[in-house]
Amino acid sequence: MNGWNSQICFFVAMPLPRLLSGKVNLLKYMFLCIAGGLIFFAGVRPGWQRMQSDFPNYWLGSRLMVEQHACDSLYHNDWFQESLRKHGFTEQGKFSPFPPPTTYLFLPLTPLPPLVAKRVWMVISLLLVAWIIWLFGRISGMNGRDATAWVLATGLALINNLYLGQVYLLMVAFMLYGWIQFRKGKTIVPGICFGIVAAIKYFPLVMLPEWLLKRRWKLILTFALTITTLGLVSLYSPGVPACRDFLNRVVFAHLDGRLEGQSPFATAFQSWNALSHRLFLFDAAENPQPWFHAPMLLQLVRHGIPALLLFFGIVHARRLILRNASGAGVAILCLSMLVASPASASYHLLLLLFPMALLLEDETGRSRMSPASTRLSFLLLMGIGWAPLFIGKFLAPATWPIPFQFYRLWLMLVIWLVAMRLTSHRFQVNPDRFIL
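None of these values were measured; they are calculated from a predicted model.

## Regarding the overall build of the protein
Consideration 1: Within the protein, the secondary structure is distributed over 19 helices and zero strands.
Consideration 2: Relative to the 2.2 N^0.38 estimate, which gives 22 Å for 436 residues, the radius of gyration of the protein is 22 Å and therefore close to what a compact globule would have.
Consideration 3: In terms of overall dimensions, the protein has C-alpha extents of about 60 × 55 × 45 Å along its principal axes.
Consideration 4: In the protein, the proportion of contacts linking residues at least 24 apart, taken out of those at least 6 apart, comes to 75%.
Consideration 5: Summed over its atoms, the accessible surface of the protein is roughly 19,200 Å², and 66% of this surface lies on carbon and sulfur atoms.
Consideration 6: The averaged location of the 17 negative side-chain charges in the protein is 12 Å from the averaged location of its 37 positive side-chain charges.

Structure representation (structure tokens):
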């Protein structure tokens, strides 16, 4: 590396080698113990004791399919909320913006009472955490301790996935496993893994540019057949009307950042869409003090900045893929999609583990990134994972000036910029890499 990138890595990492070297392993285990303890007490224990959204939305979607086969009103929020009440839930909920195949996700848990089902899912989720640690280590070449540190560095994202009963642990596990199989030259298993995840979330579509540029037609066919099969099954249940509602009322609105039942001003969704609404749109109830009222500027920011980020990310990723740095190219596509997301919640950021693993990928027993770059990447991941927990708990960010309330969005932008810079030259091959 050279230029400002080397200087940043040097000054950030300079105090750490002596503290984090093998001579002072105690600090590494202290981090694991503290992070693990916080995740247990903030995520696992309260998630085990009581019900919260979003688990009821997933569970009820599967339960309704068992009870009545066709759910014509699945994407009508009032009807779904009433169904939640009839099944004993007091939480606010909705099934949108989940795609129809999501109704199959929790079918094995529908015979169980909701809280018992959530506890079973908690156990499964913890097993998925252990699997993700192993998969992350396989891809990066790290030992178990270091891979565990990277997974625990996701902080609030991991806590909220466990606490809320979300499904992103399953997504990350399938994608990491699919990548390992892809690197082995397989076509069926990775196509199915990424296809299953893409049928319930859109994120695995980041794989398509690499497969198209490299003409991996069997992989693309398997991927497409998996999604198509799950889509066709959804026509049977939850049914054609529900699928039509999803296509007509949900999917494009979701991609545009318009979530039914959610305020476009909510800082919980740290995105350019929410930031531009807070800055440039007056609303007497929800946003009485914007910087100034400028609807045209709102549209320019909410669409223009994500479009630029995606454009530069795609151009750079294409260059990397054509240079046979497919892992780095896919990682840049992932980060570009995350930083440009129109509605990014805290639990979505667990998906950062996938591009981080690809950036650290160890194909020859040696790291692609230098020790300083590895440390910098870890510190950025830890910052975006843990800073929101402490900021939200102790510093009342709702009272800050509007741009500062979107600190998580700025941290994501920094991660994207650093990844773009780190991958702008060929990775350094360093046999003496230093991992946290």
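## What to know about the pattern of salt bridges
Consideration 1: As enumerated under the stated definition, the model contains seven salt bridges in all.
Consideration 2: For Arg-145, the salt bridge goes to Asp-146, with nearest N and O atoms at 3.4 Å.
Consideration 3: Via salt bridges that share partners, Asp-256, Arg-258 and Arg-302 belong to a single interconnected network.

## Describing a nonpolar patch on the surface
Consideration 1: Residues Leu-26, Leu-27, Met-30, Ile-34, Leu-38, Phe-390, Phe-394 and Leu-395 make up a contiguous nonpolar surface patch of about 760 Å² in total accessible area.
Consideration 2: Counting only elements with at least two residues in the nonpolar patch, the list comes to helix H3 (25–49) and helix H17 (371–394).
Consideration 3: Ranked by residues supplied to the nonpolar patch, first place goes to H3 with five residues.
Consideration 4: Within the secondary structure, Met-30 sits in helix H3.
Consideration 5: The exposure class assigned to Met-30 is partly exposed, which follows from its relative accessible area of 39%.

## Some remarks on the side chain of Glu-361
Consideration 1: Mapped onto the fold, Glu-361 is located in the loop between helix H16 (353–359) and H17.
Consideration 2: A polar atom in the side chain of Glu-361 sits 3.0 Å from the side chain of Trp-179.

## Re the nonpolar core
Consideration 1: Membership of the largest hydrophobic core comes to 126 residues, with the highest contact counts inside it found for Phe-136, Leu-352 and Phe-354.
Consideration 2: Per-element accounting of this core gives the leading share, eleven residues, to helix H9 (residues 168–183).
Consideration 3: Apart from residues lying up to four places away in sequence, Phe-136 is in contact with Met-142, Ala-147, Trp-150, Leu-176, Leu-353, Met-356, Ala-357 and Leu-360.

## Topic: the state of the cysteines
Every disulfide links exactly two cysteines, by a covalent bond between their sulfur atoms.
Consideration 1: In total, this model carries zero disulfides according to the counting rule given.
Consideration 2: Not engaged in a disulfide, the cysteine Cys-243 finds its nearest cysteine sulfur in Cys-71; these two sulfurs lie 11 Å apart.

## Here's the deal with helix H7 (residues 144–152)
Consideration 1: Counting buried positions along H7 yields seven of nine residues, so the element is predominantly enclosed.
Consideration 2: For H7, the complete set of buried residues consists of Asp-146, Ala-147, Thr-148, Ala-149, Trp-150, Val-151 and Leu-152.
Consideration 3: Those residues of H7 that are buried lie in contact with H3, helix H6 (114–140), helix H8 (156–164), H16 and H17.

## A few points about the environment of Leu-64
Consideration 1: In this fold, Leu-64 is placed in helix H4 (residues 55–68).
Consideration 2: According to the relative accessible area criterion, Leu-64 is buried, its value standing at 2%.
Consideration 3: Separated by 173 residues in the primary sequence, Leu-64 and Ser-237 place their C-alpha atoms 10.0 Å from one another.

How each quantity is defined
Residues numbered from 1 in each chain as written. Predicted model: local features only at pLDDT ≥ 70, side-chain atom pairs only at ≥ 80, totals over all residues. Heavy atoms only, no water. Helix = DSSP H or I, 4+ residues; strand = E, 2+ residues; numbered from the N terminus. Rg over C-alpha atoms; globule rule 2.2 N^0.38 Å. Contact = heavy atoms within 4.5 Å. Areas by Shrake-Rupley, 256 points an atom, 1.4 Å probe, with all protein chains shown as cover. Lys, Arg positive; Asp, Glu negative; His and termini not counted. Charge placed at Lys NZ, Arg CZ, Asp CG, Glu CD. Salt bridge = Lys/Arg side-chain N within 4 Å of Asp/Glu carboxyl O. Patch = residues over 30% accessible without salt bridge, like charges linked within 9 Å, V, L, I, M, F, W, Y side chains within 5 Å. Buried < 20%, exposed > 50% of the residue type's maximum accessible area, 1.4 Å probe, protein only. Polar contact = N/O pair within 3.5 Å; in protein donor to acceptor, adjacent residues only side chain to side chain. Core = buried A, V, L, I, M, F, W, Y, C linked by side-chain atoms within 4.5 Å. Disulfide = S-S within 2.5 Å.

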